[in-house]
Structure formats: C-alpha cells, structure tokens
There are 2 protein chains.
Amino acid sequence: MKTIVICSGGLDSVSLAHRVAAEHELLGLVSFDYGQRHRKEIAFAAACAVRLRVPHQTIDIRDIGRSLSGSALTDDVAVPDGHYAEETMRITVVPNRNAIMLAIAFGLAAARGADAVATAVHGGDHFIYPDCRPGFIDAFRTMQRHALEGYADVTLFAPYVNAPKSAIVTDGARHGTPFGQTWSCYKGGDIHCGRCGTCVERREAFDLAGIADPTAYEDADFWRHAVKGGVR
Amino acid sequence: MKTIVICSGGLDSVSLAHRVAAEHELLGLVSFDYGQRHRKEIAFAAACAVRLRVPHQTIDIRDIGRSLSGSALTDDVAVPDGHYAEETMRITVVPNRNAIMLAIAFGLAAARGADAVATAVHGGDHFIYPDCRPGFIDAFRTMQRHALEGYADVTLFAPYVNAPKSAIVTDGARHGTPFGQTWSCYKGGDIHCGRCGTCVERREAFDLAGIADPTAYEDADFWRHAVKGGVR
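Just so it is clear, the model here is predicted, and its values are computed rather than measured. (Residues numbered from 1 in each chain as written. Chains lettered and ligands numbered in written order. Predicted model: local features only at pLDDT ≥ 70, side-chain atom pairs only at ≥ 80, totals over all residues.)

(A) Just the packing of helix α1 (residues 11–23) of chain B against helix α2 (residues 41–52) of chain B, in detail. Residues and elements named next belong to chain B. Running from N to C, α1 and α2 point in directions that differ by 15°, and their axes come no closer than 10 Å. Accordingly, the angle class assigned to the pair α1 and α2 is roughly parallel. Pair α1 / α2 crosses with right-handed handedness. The segment α1 lies against α2, with Val14, Ala17 and Ala21 engaging Phe44, Cys48 and Leu52. Residue composition of the contact of α1 with α2, grouped by class: 6 nonpolar, no polar and no charged. (Axes fitted to C-alpha atoms, helices over the stretch in contact; angles between N-to-C directions. Helix = DSSP H or I, 4+ residues; strand = E, 2+ residues; numbered from the N terminus. Parallel < 35°, antiparallel > 145°, perpendicular 65-115°, else oblique. Left-handed = near helix turned anticlockwise from the far one by under 90°. Contact = placed C-beta atoms within 7 Å. Nonpolar A, V, L, I, M, F, W, Y, C, P; charged D, E, K, R; others polar.)

This is the structure:
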C-alpha cells in the first residue's frame, strides 16, 4: 500500500511514519504550516523523512490559519496549562483543521498515485476534536470515495483512531521510533514546557506505557497534578 | 440563514451570490487563489461583493495548487478547446479541488458563526468533476456534521447541483445578476476566448436559456461547432 503520512513531527505521527515504513510502502511525509506557534515541530518531521529516506513536503497554508483565527494554536492567545481532556483545551481547536489537512493530503495522494493517506488521530483526541473521532474518519473516507471517483482510489489509514496515546508509545517503540526526535509542546519553546495539554498527555502516555520518556521538560512533574477536569 | 458564498467570479457563483443576497442573509464571499491561470476571475468576485455590500476574502492556497500540479488550470499545459463534457477536459481537473475549498470554507463558516456555505456546483460539472456530483455533496455534508460536532452547525447549500447551467442563467437573470461582470474563460486573456470548455458551455447556456449573452468573445461562433465528444 503506497502511503503518504501526514506528519506534524509529533510523537504520534512520527511513530506512525515508522510503522508505515516497516509495514507498507512509505511514499513520503507531508506537513502543514498553518501558522502554528509550535511550528518548530515541522523540523522534526523533516528529520524523520531523512531518517526514513523518503521525500518530505511542507505545504504552506498560513493564509488559511490566518483566516480561521481565534485559536490559541495560531493567535496571540495564551496556550492554557493543564490536562488535554479539559474544557479549557477547546481554545486549541482550529475549526475544521483536520478535515482541511486531510482533503489536501488526498489531493496530493491522487496527484502522486498513492493508495492511502495515513493520519495519527487517536482516541485521546476525541474529547475535544470532533474531527478526530471514528465517525468523522468513516464519513471522510466515504466523502473521498465520491470526490475522487474515476480518478483515484485512495483510502484513509488511521490505525490509532481507537487507541489511547499510550498504545502509540508502545507501537512506536516496537518500530524503533526515536522519541527524543519528536516534538509535542504547543508552546514551541526551546524544550518541552511540561505544562500544556499536549505535554501533560505525552508524559502521561509514556508512564502508562511503562516506557522511559527521553524528553527534557521545563516542568517535569506538573503532569502528575494535572487531571481531567482541572489541576489537582 | 447566514451564508458564506464560495465565489470564483464566474457566472455560476456570482448568480448564486445574488440569489443568496435576495433570499438569505449573505455574510460574505470567499474566493480561492490556487494559482489558476484565469485568476483574473477573482476581481469579478471582489466586484460582486462591493455590489452586494458584503466583505470579500481571497484565501491564498497557491502552495496547494503547486503541490497538486499536473492540471491545465495551474500548469504550463495548454487548456484544450472544445466542449466541456469531453474526455479531453479531464486535464482541467485539479484533484480534490472542490473538497479542499469546501473544507476551508466550512472552517471559515465555523469561525464566523455562519449557518451555511453555498457552492455553485451544477449538473453540467458532473461529467468530469466527481467532486461536483450529488453523491459527493451529500457525503460532504455528512462528513462536516461529524467534523464540527459540538462546535458549529453548518450546512452546505448547493441549489444548482441537479440543474443545467442554462437554469443558472435563468435564475441569475431573475435576481438581476449583471452577467457582463462575471468571468468564465479558463485562458484568462483580455476577453473571453470563446473556444475553451467553459466558454463553450457559457455561450451554450445563454442560448438554451433564451437570454442575451452580454459577453465579448474572441471567437463568438466556435461554440456552435463544439459538441459533446468532439468538434463538429
């Protein structure tokens, strides 16, 4: 299955790239620059492509990011601290982001003759991002079957859609993913902050998986106090 | 129904904008610059917004256009002459273009609190563009219901999806659309060429509707000889 992986440079999508490289035919990685403040993550996607010896393409959709303003991921709104699965994390939603990126990736797949687009959406995203839920994934696949009918036959590979993030850590380790070469923090500082939703989720996932976390955090212990629903 | 109209500046989408302004609450027009050689059409969308006194936004997705290269609409490939519904017109397909633009427009609608996105896809597009067919439109609506669940409730208004282009001319005339202020030609010259698929289709639609065509064409009679399946 010739596959293009949507790779942000984060733990999930880099693990997915290593899995696809091992189990399928990895055609390349695609990243999106939507003006995210943590765009340094894209360098980790580029490094992953070099490691796996495939092309890496970054598509500039910053003008879309600007147009859909109002999210803490792109605007001058503070990224909140705390657990990912909290009401406060709604501010990190860029409306329709996943649908937009997937539609672009499907166009790319059709243009390149790929059989599949792979995305690392996972169960932990369901709380806040509706465009990461299984119902969305199924509906998107159906939509694309219609959209490309007669031109291309591209499917959506989303192996983690029902998995917790800890299962991705386990899967990534199985395929030799160098987790230190991945970036999660939404704040985009020099090292991971350890306090934002995605840092807390990352730290927790390694703990649940029972795998050592090689990441350097500014605040390495914050995650123990961040629970769903608030800070303990 | 607060509605954002996807408006290319062409006959169909400008007619749609006039209809929505008359029958619904028109929030604004959105155009996409995907590097199309006929991007002068966008000026006609901007003029339509001024006329209807609503904001107009052009979203720059040229980097997506570059990435999905291989279409005569964006590349240095000649735009073919002849009827729109011909095999040769497949070269004008930018893969997944409609799905991409609609997904972006839905993100914009969610960000702006709109109830609907309106698109002027029509029956005449079905021959070559799978992402203009009724099955696609339905599947897209379903996908978006999932993608924005809990955040926004946006529907897709596609009143022409089963109509021939001539019915759009009739509808546009009913709402006072100034057809001379619309642009169709894929070649993007000073005046409409009269020979490319979309010029032939335009000319034919006015004829079928029995409404005078105010457009100046370089070759005003070519359309009579262009029939589905080839040039007569």
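(B) The arrangement of the UniProt feature "binding site: ATP" (unreviewed entry) in chain A in detail. All names here are of chain A. Using the residue numbers shown here, the UniProt feature "binding site: ATP" (unreviewed entry) corresponds to Cys7, Ser8, Gly9, Gly10, Leu11, Asp12, Ser13, Val14, Ser15, Leu16 and Ala17. Within the secondary structure, Gly9 sits in the loop between β1 (2–6) and α1 (11–23). Non-local contacts of Gly9, meaning those with residues more than four positions away in its chain, are made with Val14, Ser31, Glu41, Ile42, Ala43, Phe44, Ala45, Thr182 and Trp183. Within the element layout of this structure, Ser13 appears in helix α1. (UniProt positions renumbered as here; feature names shortened; annotations may be inferred.)

(C) Examining the environment of B:Asp171 more closely. In this fold, B:Asp171 is placed in helix α6 (residues 165–174). Among residues more than four places away in sequence, those in contact with B:Asp171 are B:Ser15 and B:Arg19.

(D) Spatial organisation of the nonpolar core. The biggest cluster of nonpolar side chains holds 144 residues, and the ones touching the most others in it are A:Ala105, A:Val117, B:Ala105 and B:Val117. In this structure, A:Ala105 is in contact with A:Ile4, A:Ile6, A:Val30 and A:Val117, ignoring residues within four places of it in sequence. (Core = buried A, V, L, I, M, F, W, Y, C linked by C-beta atoms within 7 Å. Buried ≥ 20, exposed ≤ 12 C-beta atoms within 10 Å, placed from the backbone.)

(E) Expanded view of helix α5 (residues 134–147) of chain B. With 14 residues, α5(B) extends 20 Å between its outermost C-alpha atoms, agreeing within 8% with the 20 Å of an ideal straight helix rising 1.5 Å per residue. Listed in full, the buried residues belonging to α5(B) are B:Phe136, B:Ile137, B:Ala139, B:Phe140, B:Met143, B:Gln144 and B:Ala147. Projected down its long axis, α5(B) carries its buried residues within an arc of 165°, all on one side. Looking at the packing, one finds that the buried side of α5(B) touches α4 (97–112) and α5 (134–147) of chain A together with α4 (97–112) and β5 (155–157) of chain B. (Expected span 1.5 Å × (residues − 1). Arc of directions from axis to C-beta.)

(F) Structural view of the sheet that holds strand β1 (residues 2–6) of chain B. All names here are of chain B. With parallel pairing, the 5 strands of this open sheet are ordered in space as β3-β2-β1-β4-β5. Strands with a single pairing partner mark the edges of an open sheet, and in this sheet they are β3 (56–60) and β5. Across the sheet, the mean angle from the axis of one strand to that of its neighbour is 30°, orientation sign disregarded. In this structure, β1 lies alongside strand β2 (residues 25–33), joined through 5 bridges in parallel fashion. Its bridge partner lying in β2, Ile6 is registered against Val30. On top of the sheet, α1 reaches β1, β2 and β4 (116–118); it is set at about 170° to β1, its chief contact. (Pairing = 2+ DSSP bridges.)

(G) A look at the sheet that holds strand β2 (residues 25–33) of chain A. All names here are of chain A. The strand order across the open sheet built from 5 strands is β3-β2-β1-β4-β5, with neighbouring strands paired in parallel fashion. Taken across any chain shown, the strands that pair with only one partner, and hence form the sheet edges, are β3 (56–60) and β5 (155–157). Neighbour-to-neighbour, the strand axes of this sheet turn through a mean angle of 30°, independent of strand direction. Two elements, β1 and strand β4 (residues 116–118), share 3 bridges in a ladder whose sense is parallel. Its bridge partner being in β4, Ile4 is matched across the sheet by Val117. Relative to the sheet, helix α2 (residues 41–52) contacts β2 and β3, its axis offset from that of β2 by approximately 165°.

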